[in-house]
Amino acid sequence: MVYYIRKIGYFLLTLWAAVTLNFIIPRLQPGDPAEIMVRQLTGRGEVDPAQVAAIRTMLGYGSDNVFVAYIQYLGQMLQGDFGISFTYFPFPVTDVIAKALPWTLVLVGLTQLLSFLIGTLLGAVAAWRRNSRFDATISVGSTFVGNLQSVWIGLMILYVFAYQLGWFPAAGGYGYTDEDFSWLHITDVIAHGFLPALTLMITAPIGFILSMRNTMVQVLGEDYIRLGAAAGLKQRTLALGYAARNALLPVVTSFALSLGVLMGGSILIETVFDYPGMGRLMGEATAARDFPLMQAILLATIVIVLTANFIVDLLYPLIDPRARKAKA
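A quick note: this is a predicted structure, and the numbers were derived from the prediction, not measured. Counting from 1, residues in each chain are numbered in the order their sequence is written. Confidence filtering applies because this is a predicted model: local features only for residues at pLDDT of at least 70, side-chain atom pairs given and counted only at 80 or more, and all residues used for totals across whole chains, interfaces and linings. Calculation of side-chain values draws on the structure's entire complement of heavy atoms; hydrogens and water are dropped beforehand.

Student: What's the story with helix α13 (residues 278-287) in this structure? I'm lost.
Tutor: Because an α-helix packs 3.6 residues into every turn, residues spaced three or four apart end up facing the same way. Accessibility here uses a 1.4 Å probe with only protein chains present; expressed as a share of the type maximum, an area under 20% marks a residue as buried, one over 50% as exposed, and anything in between as partly exposed. For helices the rule is a DSSP run of H or I covering at least 4 residues; for strands it is a run of E covering at least 2, with both sets numbered from the N terminus onward. For α13, the complete set of buried residues consists of Met278, Gly279, Leu281, Met282 and Ala285. Buried residues of α13, viewed axially, fall in a sector of 160°; they line one side. Backbone geometry just downstream of α13 places Arg289 in the positive-phi region, at approximately 55°. Directions are taken from the helix axis to each C-beta atom, and the arc is the one they span.

Have a look at this one:
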């Protein structure tokens, strides 16, 4: 219980720090969002200060005292009120995010899960067959692909499979179908999401492959592996039941940590494919200095990543008995 209580305390403290930074960082950017909104509405270069003040008050952004604004921000956040979006005025931020969040969760969630399974499997096989041609191919190929930029990969995939071959749609989340759960709509959504998912899948497994391969190679050098081989245990039992299982803990850790990296990378990928997720929404909010929308998107991303790491911390004692004894 002490271990779990400590982890819960760390989670809450980290969440508070992230929420505070989420409030501060957008306000360090130059430009007044209310002034930008007035320019967009009026189409004039010069703005009336009275109009700017009215817009700031209407949007709940009128306090010049940072401390007062911070307290108001915390109170509104606890109530689920993130204000009105400047970009999608007059819609609330929660309504805007509610439409974009499922797209990113499905895209990133499926990509991360498949990357973990494929990367762990390839890394384990490469470690078990170390110094073989398969191991060399996986290691060199992973290093090469890991140095490529995901945006460049996305542009190449878009050019080949969408514009040249015409196999998949070039942009959007769905095309001519209505937003229902018919089979036609589901296949349409899958077709639109295939290329963004493929782009993420090319680089996402690299970390899992290298981590699993290097960790398992170290585990294979342990004395109990040699003892098991000398005792006549099957190769499959040694590989899966002992070596791979004991090497899995660091890979599980990287699963939670890489989730944040993958969600950050999805911003550019969703922009390239005009995918209606949180990444594209973040780009629009940043360009328009939409502070309420930016804060809500950053907070949602932070909560998802912290929750994933928190769950992994809670699962440590269940995954590895050595961690359970160490925390006891």
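Student: In this structure, what is going on with a nonpolar patch on the surface? I would like to understand it.
Tutor: Excluding any residue in a salt bridge, patches collect residues exceeding 30% relative accessible area, merging like charges within 9 Å and nonpolar Val, Leu, Ile, Met, Phe, Trp and Tyr side chains within 5 Å. Accessible surface is estimated by sampling points in the Shrake-Rupley manner with a 1.4 Å probe; for residues, cover comes only from the protein chains shown. When a carboxyl oxygen of Asp or Glu lies within 4 Å of a side-chain nitrogen of Lys or Arg, that pair is called a salt bridge. Taken together, Tyr159, Val160, Tyr163, Leu165 and Trp167 make up a surface patch of nonpolar side chains, about 570 Å² in accessible area. Mapped onto the secondary structure, Leu165 falls in the loop between α7 (150-164) and α8 (183-203).

Student: Sorry if this is basic, but what is going on with the side chain of Thr199 here?
Tutor: Here Thr199 shows up in helix α8. Looking at Thr199, its side chain comes within polar contact range of the main-chain oxygen of Leu195, at 2.9 Å. For the purposes of these results, a polar contact is taken to be a pair of N or O atoms within 3.5 Å, where, inside protein, one atom must be able to donate a hydrogen and its partner to accept one; residues adjacent in sequence count only when each atom of the pair is a side-chain atom.

Student: Teacher, can you tell me more about the packing of aromatic side chains here?
Tutor: Aromatic rings in a pair are described by how distant their centres are and how their planes are angled relative to each other. Centres within 6.5 Å make a pair out of two Phe, Tyr or Trp rings, where for Trp the six-membered ring is used; the pair is then stacked when the planes are under 30 degrees apart, edge-to-face when over 60, and tilted otherwise. One pass over the full model with this rule turns up 4 aromatic pairs. Arranged with centres 5.7 Å apart and planes meeting at 90°, the rings of Trp103 and Tyr275 form a pair that is edge-to-face. Linking Trp103 in helix α5 (residues 93-128) with Tyr275 in the loop between α12 (248-272) and α13, this pair joins segments that are 172 residues apart in sequence. Of the residues examined, Tyr275 reaches a relative accessible area of 4% and is grouped as buried. A ring pair is formed by Phe161 and Trp167, whose centres lie 6.0 Å apart and whose planes are at 50°; its orientation type is tilted. Owing to a relative accessible area of 24%, Phe161 belongs among the partly exposed residues under this scheme. Here Trp167 falls in the exposed class, since its relative accessible area comes to 57%.

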